Amino acid sequence: MNFPRNTVFAALAGLIAAGTVHAQALVKVDGSSTVYPITEAVAEEFQKAKKNAVRVTVGISGTGGGFKKFCRGETDISDASRPIVKKEMEACAQAGIKYVELPVAFDALTVVLHPSNTFAANLKPEQLKVMWEPGAQGKVTSWKQVDPSFPDMPLKLFGPGADSGTFEYFTEAIVGKAKSSRGDYTASEDDNVLVQGVSRDKGAIGYFGFAYYIENKDKLKAAMIWNGSKFVAPSAAVVEDGSYQPLARPIFIYVNAKSLERPEVKEFVEFYMKHGAALTKEVKYVPLPANIYEVNMEHVRKMKLGTVFGGVPEVGVKIEELVKRETKE
Amino acid sequence: MLQPQDIEAIRALIARAKRWDAFFGVLGIIALMIGVLTFSALFLDMAVRGIPRLDLDFFTNFPSRRAASAGILSAWVGTTLVMVVTACAAVPLGIAAGVYLEEYAPKNWLTDIIEINITNLAGVPSIVYGLLALGLFVYQFGLGQSILSAGLTLALLILPVVIVATRESIRAIPVSVREGSYACGATTWQTVSDHILPYSSAGILTGVIIGMARAIGETAPIITIGALTFIAFLPTAPFAGDPPAGLFDWALAPFTVMPIQMFNWTSRPEAAFLANAAAAGFVLVLMTLAMNGAAIWLRYRLRKNIKW
């Protein structure tokens, strides 16, 4: 019997010796899974428009994981479902990475109920806090405890896992401190699991991104949320005019300033701002007001470096006010 | 002379033994069916949901935001290439290590320690290999987030399986074969290359395939070293383009693999993507089955050639 020894060894040696990668225009994007569908759509269209002369790759490492790679200079653009935080700003500064912060769309959290639930159709953030704060663990188990007018029905909670940006924002907006939540709820990183869970349990309540609610409208009911002056049902219109508070937030891309000197990256970002609104709608997210994309373009041209948040997350800021602020590096 | 009551007792004894025999037979079938039926139910469910999505376009399209035009081209090419690298690295290394341990290594405490460690390595969670590879291949050796890094990572993962399978099948060769060869004046290497390897190749192959079947479905270590989710181009083919690519340029290209593509689709809000995920899962299972089928066929061919 003949063993193909030589071929195998030759192949191995060749693999290890292969040193040069082809220099072809490549834009590397990584980061949040929330922003991913938008960036994916933009990348798809951009490559088509460029007739595949420019290659774009998009990864999902989560907002935090994305910033880690971004601040090591491994990626050109980072998808982020929350603003960059202090620790990440320091890491970037240390590596000499400067960046432009661009809001690209809104992400609205939807509080969902079983379709038969009529008593909790209107909810106030304080009531949500009673359900979700860490102190409620093991204690708040019936709807009656949330509000005396609610029936004595078992309260079943569904939400995303602790690594998700959605979880971070919801706890920040409702409980008042990011990542602070009760632990005894059904957690899943897969939002479709949450959809199934809430749609099968009469006493269920859960939260996740607006897109998952829209796709499953027939199985779920969205709660109207008190924004300080009235109850608002989630919709593209109220998210855009800023009245769906505190559960709507802008999501971002961060562009490495040095990468912006490369024509393919600059063109990709410009393409993002030009076609972002239409593509955002197509993937069931809420686009920003049209003029914001123009302001973004202006920021790219002027290389407005740094973040307007200064490393501290905020709840309920108006997008128009946000883009006018001074940045910090 | 046996008394009638003795015969009765013996019959009762036999009847009892047979009852137990039947009982364990049924128990065994139930145990087997739990596994088989669970797998069949899952597979059928996936097939029913996925097969309507399977057409030529599904294999030749890149991922897309539109579920209907999204395909698995970059994923299946990525998986295939990663598997090629894995096989090229794990098979020669694993077989050489196995042969050395069985035929060359002196039997002492050092080899005992090595043996125990290899067996333990087979049980290490795959994410640990991913983290090791991230530090070693991606950063230390500078191979980047490439097909080569992924292939080598999975090669590490299945190396213990290949080594153990190699050793088991070498041990199954009768000692007389070995002694006959030495008696004719053959060196150890001559014995290994002319007798041991050809006779054990069927068993080794089985081990390699079991290892590869595990590697093809691995997601955690591949994500750790930085596989992408959206990639709408293929690695450069050897000698393609201008200036022409090198023979192995594809090995350093960014990539994605089938399980990652599938996972991404299951977590999308649109129901149409779930059908895509089922279809991708179906293809992945078929790829594994095809690999197993090839192994069975090769094993049969190799066994026929053995003339002891």
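Caption draft 1: Structural view of the overall build of chain B. Looking only at helices and strands, chain B has eleven helices and one strand in total. Here the C-alpha atoms of chain B give a radius of gyration of 25 Å, more than 25% beyond the 19 Å that 2.2 N^0.38 yields for 308 residues. Based on the C-alpha atoms only, the size of chain B along its principal axes is roughly 95 × 55 × 35 Å. The burial tally for chain B puts 44% of its 308 residues in the buried class. Within chain B, contacts between residues separated by at least 24 positions form 75% of all contacts whose residues are at least 6 apart in sequence. Of the accessible surface of chain B, which amounts to about 15,600 Å², a share of 71% is contributed by carbon and sulfur atoms. On chain B, the mean spot of the 19 positive side-chain charges and the mean spot of the 17 negative ones are 6 Å from each other.

Caption draft 2: Representation of the overall build of chain A within the structure. Summing up its helical and strand segments, chain A has 13 helices and twelve strands in all. By principal-axis analysis of the C-alpha atoms, chain A measures approximately 75 × 65 × 35 Å. Going through the 329 residues of chain A one by one, you find that 56% of them count as buried. For chain A, contacts bridging at least 24 residues in sequence account for 73% of all contacts bridging at least 6. Across chain A, the 41 positively charged side chains and the 39 negatively charged ones have centroids separated by 1 Å.

Caption draft 3: Fine view of the state of the cysteines. Residue and element names in this part refer to chain A. One pass over the structure, following the stated rule, counts one disulfide over all chains. The disulfide partner of cysteine 71 is cysteine 92, and the gap between their sulfur atoms is 2.1 Å. Since a negative S-S torsion denotes a left-handed disulfide, the cysteine 71-cysteine 92 link at about -80° is left-handed. Placement of the pair is cysteine 71 in helix H3 (residues 62-71) and cysteine 92 in helix H4 (residues 86-94), with a sequence separation of 21 residues. By relative accessible area, which is 0% here, cysteine 92 ends up buried.

Caption draft 4: Summary view of the interface of chain B and chain A. Contacts between the two partners involve 41 residues from chain B and, on the opposite side, 39 residues from chain A. Both faces considered, chain B and chain A share a buried interface measuring about 3,500 Å² in area, 59% of it formed by carbon and sulfur atoms. Scanning the region where chain B abuts chain A turns up five salt bridges. Linking chain B to chain A there are 16 residue pairs in polar contact (both at pLDDT 80 or more). Among the secondary structure elements, those contributing two or more residues to the side of chain B that touches chain A are helix H3 (73-104), helix H8 (188-216), strand E1 (230-231), helix H10 (258-266) and helix H11 (271-305) of chain B. When strand E2 (residues 55-58) of chain A meets E1(B), the two strands line up antiparallel, connected through two bridges.

Caption draft 5: The arrangement of the packing of helix H1 (residues 4-50) of chain B against H11(B) in detail. Residues and elements named next belong to chain B. Where H1 contacts H11, the axes come no closer than 7 Å and their chain directions differ by 125°. Looking at the two axes, H1 sits oblique to H11. The handedness of the crossing between H1 and H11 comes out as left-handed. Within the contact between the two elements, H1 uses Phe39, Phe43, Met46, Ala47, Arg49 and Gly50 and H11 uses Ala275, Ala278, Ala279, Gly281, Phe282 and Val285. Class assignment for the residues of the contact of H1 with H11 results in nine nonpolar, two polar and one charged.

Caption draft 6: Here's a closer look at the side chain of A:Glu88. The residue A:Glu88 is located in helix H4 in this model. Setting aside anything within four residues of it in sequence, one finds A:Glu88 in contact with A:Gly64, A:Phe67, A:Cys71 and A:Arg82.

Caption draft 7: Layout of the packing of aromatic side chains. Applying the stated criterion across every chain, the model contains 29 aromatic pairs over all chains. On the basis of an interplanar angle of 85° and a centroid distance of 5.9 Å, the ring pair of A:Phe268 and A:Tyr272 is categorised as edge-to-face. Taken together, the residues A:Phe268 and A:Tyr272, both in helix H11 (residues 263-282) and four residues apart, mark about one turn of the helix. For the pair formed by A:Phe268 and A:Tyr272, the shared burial category is buried. Here the aromatic rings of B:Trp20 and B:Phe23 are separated by 5.6 Å at their centres, their planes lie at 85°, and the arrangement is edge-to-face. One end of the pair is B:Trp20 and the other is B:Phe23, both in helix H1 and three residues apart, which spans about a single turn. Feature note: the residues A:Phe67, A:Phe70, A:Tyr99, A:Phe252, A:Tyr254 and A:Phe309 constitute an aromatic cluster, connected by ring pairs. Above the plane of the ring of B:Phe273 lies B:Arg268, whose end atom (NZ or CZ) is 4.5 Å from the centre.

Caption draft 8: Fine view of the packing of H3(B) against H8(B). Residues and elements named next belong to chain B. For the pair H3 and H8, interaxial distance at closest approach is 9 Å and the crossing angle is 140°. Looking at the two axes, H3 sits oblique to H8. At the point where H3 passes H8, the crossing takes the right-handed sense. Facing H3, whose interface residues are Thr79, Met83, Thr86, Ala87, Val91, Ile95, Val99, Glu103 and Tyr104, H8 presents Thr188, Trp189, Val192, Ile196, Leu197, Ile204, Val208, Met212, Ala215 and Ile216. Across the contact of H3 with H8, the residue classes break down as 15 nonpolar, three polar and one charged.

Caption draft 9: Broad picture of the nonpolar core. Residue and element names in this part refer to chain A. Leu123, Met131, Ile205 and Phe268 are the most contacted members of the largest nonpolar core, which has 104 residues in total. When residues in this core are grouped by element, the largest group, eleven residues, is from strand E4 (residues 99-113). Both domains that meet at this core, namely domain 1 (22-105 + 250-327) and domain 2 (110-233), each give it at least three residues. Apart from residues lying up to four places away in sequence, leucine 123 is in contact with Val111, Leu128, Met131, Phe150, Ile205, Ala223, Met224, Ile225, Trp226 and Phe231.

Caption draft 10: Here's a closer look at the domain arrangement of chain A. Residue and element names in this part refer to chain A. Domain boundaries assigned for chain A yield domain 1 (22-105 + 250-327) and domain 2 (110-233). Centre-to-centre, using C-alpha coordinates, domain 1 lies 30 Å away from domain 2. When domain 1 packs against domain 2, close to 660 Å² is buried across both sides, 58% of that on carbon and sulfur atoms. Viewed at the interface, domain 2 and domain 1 are joined by two salt bridges. Two residues, lysine 284 and glutamate 215, come together in a salt bridge whose shortest N-O distance is 3.1 Å. A breakdown of the residues in the side of domain 1 that touches domain 2 according to their chemical character gives five nonpolar, three polar and three charged.

Caption draft 11: Representation of the domain arrangement of chain B in the model. Residue and element names in this part refer to chain B. Assigned domains within chain B: domain 1 (4-51) and domain 2 (54-305). Each of domain 1 and domain 2 has a C-alpha centre, and these two points are 36 Å apart. Here domain 1 meets domain 2 over a buried area of about 670 Å², counting both sides, of which 79% is carbon and sulfur. When the buried area of domain 1 at its contact with domain 2 is split by residue, Phe43, Met46 and Ile51 rank highest and sum to 61% of it. Summed over the shared surface of domain 1 and domain 2, the result is zero salt bridges. Remark: the boundary between domain 1 and domain 2 carries one residue pair in polar contact (both at pLDDT 80 or more). For the side of domain 1 that touches domain 2, the class distribution of residues is five nonpolar, one polar and one charged.

Analysis parameters
- Residues numbered from 1 in each chain as written.
- Chains lettered and ligands numbered in written order.
- Predicted model: local features only at pLDDT ≥ 70, side-chain atom pairs only at ≥ 80, totals over all residues.
- Heavy atoms only, no water.
- Helix = DSSP H or I, 4+ residues; strand = E, 2+ residues; numbered from the N terminus.
- Rg over C-alpha atoms; globule rule 2.2 N^0.38 Å.
- Buried < 20%, exposed > 50% of the residue type's maximum accessible area, 1.4 Å probe, protein only.
- Contact = heavy atoms within 4.5 Å.
- Areas by Shrake-Rupley, 256 points an atom, 1.4 Å probe, with all protein chains shown as cover.
- Lys, Arg positive; Asp, Glu negative; His and termini not counted.
- Charge placed at Lys NZ, Arg CZ, Asp CG, Glu CD.
- Disulfide = S-S within 2.5 Å.
- Buried area = accessible area lost by both parts, 1.4 Å probe.
- Salt bridge = Lys/Arg side-chain N within 4 Å of Asp/Glu carboxyl O.
- Polar contact = N/O pair within 3.5 Å; in protein donor to acceptor, adjacent residues only side chain to side chain.
- Pairing = 2+ DSSP bridges.
- Axes fitted to C-alpha atoms, helices over the stretch in contact; angles between N-to-C directions.
- Parallel < 35°, antiparallel > 145°, perpendicular 65-115°, else oblique.
- Left-handed = near helix turned anticlockwise from the far one by under 90°.
- Nonpolar A, V, L, I, M, F, W, Y, C, P; charged D, E, K, R; others polar.
- Phe/Tyr/Trp six-rings, centres within 6.5 Å; stacked < 30°, edge-to-face > 60°.
- Lys NZ or Arg CZ within 6 Å of the ring centre and 35° of its normal.
- Core = buried A, V, L, I, M, F, W, Y, C linked by side-chain atoms within 4.5 Å.
- Domains from an automatic or database assignment.

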